[in-house]
Amino acid sequence: MTRMSPRTAPLRTTGALAVTGLLAAGSLAVGVPAHAADLVFTLGGPAETAVRPYPATGSPLPTSLGITVHHPDTGQEGTGYEGEVTYTLDLGGIEGVAVLSPAGGTGADCETDGATAVCHRHGVRPGLGGVADFALTAAEGSADGATGTIEVTGSADGAVFAPFTTRVTVGGPDLVMKRLPFERRLRPGDAQPAPITFSNRGTRAADGVLLTLRYSRGLEIPERYGNCVYDAEAGEEPFDAFAWSTALCSVEGSFEPGATYTLGVPLSVKAGPHAYDDTFVYGVAEDGPAPTAQRAGAAFRRGTGPELTLRKATAVATRGADLDPSDNQREADFRTENTADFVALGGTGTGAAGERVTARIGYRNDGPAWIGHLRSGESVATLDFTVPEGAEVTAKPPSCRGVTAGGGHREEQLGAPRYVCDSSMTVRDGAQAALPFELKITEAVQDAVGTVRVRGPRLSAPGLPFDPEPANNTALWVLNGDGGPGTGDTGGTKGSTGGGSNGSNDGSTGGSTGQDTGADTAGSASGTTGGASSSVTAGTTGAGSSGTGGALASTGTVVLTLSGGAAAALVAGGVLYVTARRRASHR
């Protein structure tokens, strides 16, 4: 009997690059009958796992196998299932083919005994989670091409499990993508060749391959081939939070072990007008049912040009027994010499003591570049709002937090003198965000000035390194101004900032800190709150303005949800007000 003690699973990447799922080929079993009161959990994992052939000398190299479970319902509290759960792996189908070895788990307590492995753990969290991780090696004496199956079942009180079967095969194709020597420092308009090249270091030929190319908002692939499908250009869809485009190219043929293949036609990567920090991901996999499902989405359009082809380049000098799919994919990061002009947006409000007004503040990205922290997932910018004298915040956007006047931590979130709101990890060119704060006027102060500042996420480093015009990073929000200089019209150098544009809508605020994304439903810009009449107007913008920053219009605001975090904010009663300028003005 072999016992696997619980341990903390290694942290897996959860950023934008991880969720792309370029080469994942998983399978989830479905269709188990259940009583109406029973929860139905679905077991899953890779549909097929290839293991390296047993070596003539030395120890066999392991291949990882991860088993997952999916909880379909978060429940009212979102805590998941709290009972004890048992998972059983029937290993009889891989006898003489492969050996399941202890490799730890994701908090599971596992034991193996002959042809059975049993794992115990407490609870099933909402969504998709890991059951346990195992290591597979070829059995001694197994033949190349030998195959078998592992059946996974589960049991728990008040729940049923859709079982899962994974196939284990000795040997197979091992497609290894070559890293391309890209020039990483670019200017807008720069294009360079991308001669995709890969080797098959496995034990059998690959029957057709699928090339997957993903590229972030600032990059372009000019060529359009007839055996490739392309989704919408990055940033054209308003809810595409990660701003990726994808091309999937299916190439028929037999790709032999020991050979290297490269493109027979040109392919290039170009820095577009919006480029700044961008990533190009290129991978290869054997074509089949899982890749076919990848390109089945309605958003994909087939190219109209000639076919993309591959040709044999050179034989591989030494064949490595490397059946690890992690080397099927490479990534390249680019920095383009470009700028993005972030503009703070203020406004004005009026009201008597005891009345409430809504202050809509925000910022926009006048481009030309989009800004995205795809690797780190950190916020691009922070909106910093100092509340005008004589006013007290009685409702705030959930994505904003109250701080002290000096920017320090504050327990009580309402009534703070200052608020900071972190953006998401991407802010696209043309994006405009508006966040409403409800203010109660405690004292009618003439020309009470609040400040709106868009700055770096860290107070110790407030600059925006990509922004060439820091003067318009600050705007005013003035309460009970007299209309004189410095009040009302807070200026702006880029024209009107009114909402309701005809272009697509992009979001730029939210959840990099784990907070819900959104803003309180403050109603229209003018109206009655708590029986008190109030109004708020946006300062107009124009070339003749003398101030810095810009102002938000009080009408025409579009309400959008951007992600799961934004959806959660909606459930909590908050919405994020997001508008975008017409894209045509930036092209």
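Residues numbered from 1 in each chain as written. Predicted model: local features only at pLDDT ≥ 70, side-chain atom pairs only at ≥ 80, totals over all residues. Heavy atoms only, no water.

Chemist: Talk me through the pattern of salt bridges; I want residue IDs and the actual numbers.
Modeler: Enumeration according to the criterion identifies 13 salt bridges in this entry. In this structure, the salt-bridge partner of Glu286 is Arg204, at a minimum N-O distance of 3.5 Å. Of this pair, Glu286 sits in strand S24 (residues 277-286) while Arg204 sits in the loop between strand S17 (197-200) and strand S18 (206-216), placing them 82 residues apart in sequence. By sharing partners, the salt bridges in this structure join Glu331, Asp333 and Arg375 into a single network. (Salt bridge = Lys/Arg side-chain N within 4 Å of Asp/Glu carboxyl O. Helix = DSSP H or I, 4+ residues; strand = E, 2+ residues; numbered from the N terminus.)

Chemist: Tell me about unusual backbone geometry, residues and numbers included.
Modeler: Most peptide bonds adopt trans geometry, and most residues besides glycine take a negative phi value. Between Gly367 and Pro368 the backbone carries a cis peptide bond, its omega angle lying at 5°. Here Pro368 shows up in strand S29 (residues 356-368). Positive phi outside glycine occurs at Asn480, with the angle close to 60°. Given the relative accessible area of 12%, Asn480 is considered buried. (Buried < 20%, exposed > 50% of the residue type's maximum accessible area, 1.4 Å probe, protein only.)

Chemist: Lay out the confidence of the model for the protein chain in plain terms, naming residues and giving numbers.
Modeler: Averaged over every residue, the pLDDT of the protein chain is 76; the share at 70 or more is 68%. Under a pLDDT of 50 for its full length, residues 1-32 has, in the predicted model, 82 contacts with residues more than four places off or in other chains. (pLDDT = per-residue confidence, 0-100. Contact = heavy atoms within 4.5 Å.)

Chemist: Any chance you could break down the state of the cysteines for me, citing the residues and the numbers?
Modeler: Tallying each qualifying case throughout the model produces 3 disulfides. Disulfide partner of Cys228: Cys249, at an S-S distance of 2.1 Å. Here the disulfide of Cys228 and Cys249 is right-handed, its torsion about the S-S bond being about 110°. Residue Cys228 is found in strand S20 (residues 228-230), and its partner Cys249 is found in strand S21 (residues 244-255); the two are separated by 21 residues along the sequence. Neither Cys228 nor Cys249 differs from the other in exposure class; each is buried. For Cys400, the disulfide goes to Cys421, at an S-S distance of 1.9 Å. (Disulfide = S-S within 2.5 Å.)

Chemist: I'd love a proper account of the pairing of strand S4 (residues 48-51), names of residues and values included.
Modeler: Going residue by residue along S4, you find Thr49 and Val51 tucked away on one face and Glu48 and Ala50 left uncovered on the opposite face. Direction of pairing for S4 relative to strand S13 (residues 164-170): parallel, over a ladder of 4 bridges. Opposite Val51, over in S13, you have Val170 as the bridge partner. (Pairing = 2+ DSSP bridges.)

Chemist: Residues and numbers for the sheet that holds strand S19 (residues 219-220), please.
Modeler: Spatially, 3 strands are ordered S16-S23-S19 in an open sheet, and the strand pairing comes out antiparallel. Strands at the two margins of the open sheet, each flanked by one partner only, are strand S16 (191-193) and S19. In the sheet, S16 pairs with strand S23 (residues 268-271) via 3 bridges, with the strands oriented antiparallel. What sits directly across from Ala191, in S23, is Lys270.

Chemist: Can you lay out the nonpolar core for me, pointing to particular residues and giving the numbers?
Modeler: By size, the foremost hydrophobic cluster in this structure holds 37 residues, and its most contacted members are Phe342, Phe437, Leu439 and Trp477. Among the secondary structure elements, those contributing two or more residues to this core are strand S28 (340-350), S29, strand S31 (382-386), strand S32 (391-395), strand S34 (418-422), strand S36 (431-441), strand S37 (448-455) and strand S38 (474-479). Among the elements that make up this core, the one with the highest residue count is S36 (6 residues). Leave out the neighbours within four places in its chain, and Phe437 touches Val357, Thr358, Ala359, Ile361, Phe385, Val393, Ala395, Lys396, Pro397, Cys400, Tyr419 and Cys421. (Core = buried A, V, L, I, M, F, W, Y, C linked by side-chain atoms within 4.5 Å.)

Chemist: Run through the sheet that holds S18, naming residues and quoting values.
Modeler: Read across the sheet, 7 strands follow the order S15-S27-S24-S18-S21-S20-S25 without closing on themselves; strand pairing throughout is mixed. Strands with a single pairing partner mark the edges of an open sheet, and in this sheet they are strand S15 (185-186) and strand S25 (301-302).

Chemist: Before we move on, could you go through the environment of Pro397 and cite the residues and values that matter?
Modeler: For Pro397, the position within the fold is in the loop between S32 and strand S33 (400-403). Through-space distance from the C-alpha of Pro397 to that of Pro436 is 6.6 Å; in sequence the pair is 39 residues apart.

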